[in-house]
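If you want the building blocks of each chain, they are given just below.
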Amino acid sequence: MKLSYYPGCSLEGTALDYDHSVREVCLNLGIELVDIPDWNCCGASSAHMTDHEIGMRLPMRNLILAGKAGHDILVPCAACFQRLKVADRALKENSSSWDVPEYSPDFEILHISSFLTRPDIIENIRAKVTNQLAGLKVGCYYGCLSLRNPAVTGSPQWERPDTLERIMEGIGADPVNWSHKTECCSGSLTMARPDIAEKLVDDIAVAAHRAGATALVTDCPMCQANMEGRQLAKEGETRLPVFFATELIVAAISGSYPVKQQKLHLVSPDILLDVIGNKATREEAL
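Residues numbered from 1 in each chain as written. Predicted model: local features only at pLDDT ≥ 70, side-chain atom pairs only at ≥ 80, totals over all residues. Heavy atoms only, no water.

(A) Focus on the side chain of Ser4. Along the chain, the position of Ser4 falls in strand E1 (residues 2-5). Residue Ser4 is classed as buried on the basis of its relative accessible area, which comes to 2%. Once you skip the residues sitting within four places of it in the chain, Ser4 turns out to touch Val34, Ile36, Ala69, His71, Asp72, Ile73 and Leu74. (Helix = DSSP H or I, 4+ residues; strand = E, 2+ residues; numbered from the N terminus. Buried < 20%, exposed > 50% of the residue type's maximum accessible area, 1.4 Å probe, protein only. Contact = heavy atoms within 4.5 Å.)

What follows is the structure, encoded as structure tokens:
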């Protein structure tokens, strides 16, 4: 299988580890990722909040470039996925108004979690696992952008999603049933109103802890950074590490969790080491 790949800006910066884990998962599954040549920023969130036309033309350019390859586009970042889907919808409705003479794409825009839960893909993941993450109780956290607005994203279960839960079950982890998995983490306010950001993050972390979670798992780089960073003001047992779903898939397939990956977390990921119980990983950490 060959897919066009749109990493977006976050996965080449603050979430570089997310990009590495996505690529490693696909390599293990026999999926060839081909970066969209000369891709550009999708405009989230600075462009579309500043100038509507710029916010539309940036993702449109990526779609036109991807169309030349003709492969489905894999998008790990929730914000990038949202902007590409908005642009795709606008072009399908009236491409001529955007000076695009013809837009009849022969591809799908695939969000990473929806793609990984396709029956053949999830079975392939299960078959590759060497170390079930049994005992890792996770709160699957979706945030806002990969699901809403469903008229744009096409999400069939935007209020009660289950893709992350199915991925976690596939690698042996135990997703908890909890109340805040689609609540906003205040990513857009994290710099302007840290007081609001800390309150919303605290509400999410407390709800996950109350449900029995010892960690959170997400597929959004903004949510991951915000949820871990804003928890640093917290004390006690409700401070939870936030893992990328693909990060945990790699750990379950490889059976280890390298120190270089551990050091990227702002909240200690020791709970994963306890679950993996991998001697080599522990010795490396000493």
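On we go from here.
(B) The arrangement of the layout of surface pockets in detail. Looking at the largest pocket, its volume works out to about 400 Å³. Lining the largest pocket are 24 residues, with Ser114, Gly154, Ser155, Pro156 and Thr163 positioned closest to its centre. Elements with a minimum of two residues in the lining of the largest pocket: helix H3 (78-94), strand E4 (109-111), helix H4 (112-116) and helix H7 (163-170). When its residues are assigned to classes, the lining of the largest pocket shows 8 nonpolar, 10 polar and 6 charged. (1 Å grid on protein atoms, 1.4 Å probe; cavity = no way out; pocket = protein on both sides within 12 Å on 5 of 7 lines; lining within 4 Å. Points joined across faces, edges and corners; volume = space filled by probe spheres on them. Nonpolar A, V, L, I, M, F, W, Y, C, P; charged D, E, K, R; others polar.)

(C) Quick look at the pattern of salt bridges. Scanning all chains against the criterion turns up 16 salt bridges. Put simply, Arg61 and Asp38 hold a salt bridge, and the shortest N to O gap is 2.5 Å. Residue Arg61 is found in helix H2 (residues 52-69), and its partner Asp38 is found in the loop between strand E2 (32-35) and H2; the two are separated by 23 residues along the sequence. Here the salt bridges share partners, and the residues they tie into one network are Asp19, Arg23 and Asp35. (Salt bridge = Lys/Arg side-chain N within 4 Å of Asp/Glu carboxyl O.)

(D) Structural context of the pairing of strand E7 (residues 215-218). Across the two faces of E7 the burial is the same, with Ala215 and Val217 and Leu216 and Thr218 all buried. Pairing geometry for strand E5 (residues 137-140) and E7, over 3 bridges, is parallel. Across the sheet, the residue bridging to Gly139 is Leu216, located in E7. One ladder, built from 3 bridges, connects E7 with strand E8 (residues 242-244); its direction is parallel. Looking across to E8, one finds that Thr218 is bridged to Phe244. (Pairing = 2+ DSSP bridges.)

(E) Here's a closer look at the nonpolar core. Counting residues in each nonpolar core, the largest one holds 73 residues, and the members touching the most others are Leu74, Leu116, Leu133 and Met168. Counting residues per element, this core draws most heavily on H3, which supplies 8 residues. Apart from the residues lying within four places of it in its own chain, the contact partners of Leu133 are Ile171, Gly172, Ala173, Leu248, Ala252, Leu272, Val275 and Ile276. Formed by 16 residues, the second largest nonpolar core is a distinct cluster that contains Tyr141, Ala207, Leu240 and Val242. (Core = buried A, V, L, I, M, F, W, Y, C linked by side-chain atoms within 4.5 Å.)

(F) Spotlight on the packing of helix H1 (residues 16-28) against helix H10 (residues 245-254). Contact geometry of H1 with H10 gives a least axis separation of 8 Å together with a crossing angle of 50 degrees. Between H1 and H10, the crossing angle belongs to the class labelled oblique. In the packing of H1 onto H10, the handedness of the crossing is left-handed. Of the residues in H10, those in contact with Tyr18, Ser21, Val22, Glu24, Val25 and Asn28 of H1 are Thr246, Glu247, Ile249, Val250 and Ile253. Partitioned by chemical class, the residues of the contact of H1 with H10 number 6 nonpolar, 3 polar and 2 charged. (Axes fitted to C-alpha atoms, helices over the stretch in contact; angles between N-to-C directions. Parallel < 35°, antiparallel > 145°, perpendicular 65-115°, else oblique. Left-handed = near helix turned anticlockwise from the far one by under 90°.)

(G) Structural context of the sheet that holds E2. Overall, parallel pairing links the 4 strands, which are arranged E2-E1-E3-E4 in an open sheet. Across the chains shown, the open sheet's two edge strands, defined by having one partner strand only, are E2 and E4. Direction aside, neighbouring strands of the sheet carry axes that sit 40 degrees apart on average. In this structure, E1 lies alongside E2, joined through 4 bridges in parallel fashion. Paired with Leu3 across the bridge in E2 is Leu33. Running over the sheet, H1 touches E1, E2 and strand E3 (73-75) and is turned about 135 degrees from E2. Against the sheet, H3 contacts E3 and E4, and its axis sits at roughly 155 degrees relative to E4.

(H) Representation of the sheet that holds E7 within the structure. Within the open sheet, the 4 strands sit side by side as E6-E5-E7-E8. Their pairing is parallel. Edge strands, defined here as strands with exactly one partner in the open sheet, are strand E6 (174-175) and E8. Against the sheet, H10 engages E7 and E8, with an angle of about 75 degrees to E8.

(I) Spotlight on the environment of Gly170. Along the polypeptide, Gly170 turns up in helix H7. As for Gly170 and Met222, which are separated by 52 residues in sequence, their C-alpha atoms are 25 Å apart. Gly170 has contacts with Arg126, Val129 and Gln132, leaving out every residue within four places of it along the chain.

(J) Looking closely at the packing of helix H8 (residues 194-210) against helix H9 (residues 221-230). Interaxial distance between H8 and H9 falls to 9 Å at its minimum, and their mutual angle equals 95 degrees. With respect to H9, the axis of H8 lies roughly perpendicular. Counting all contacts with H8, which are made through Pro194, Ala197, Glu198, Val201, Ile204 and Ala205, the residues of H9 involved are Asn226, Met227 and Arg230.

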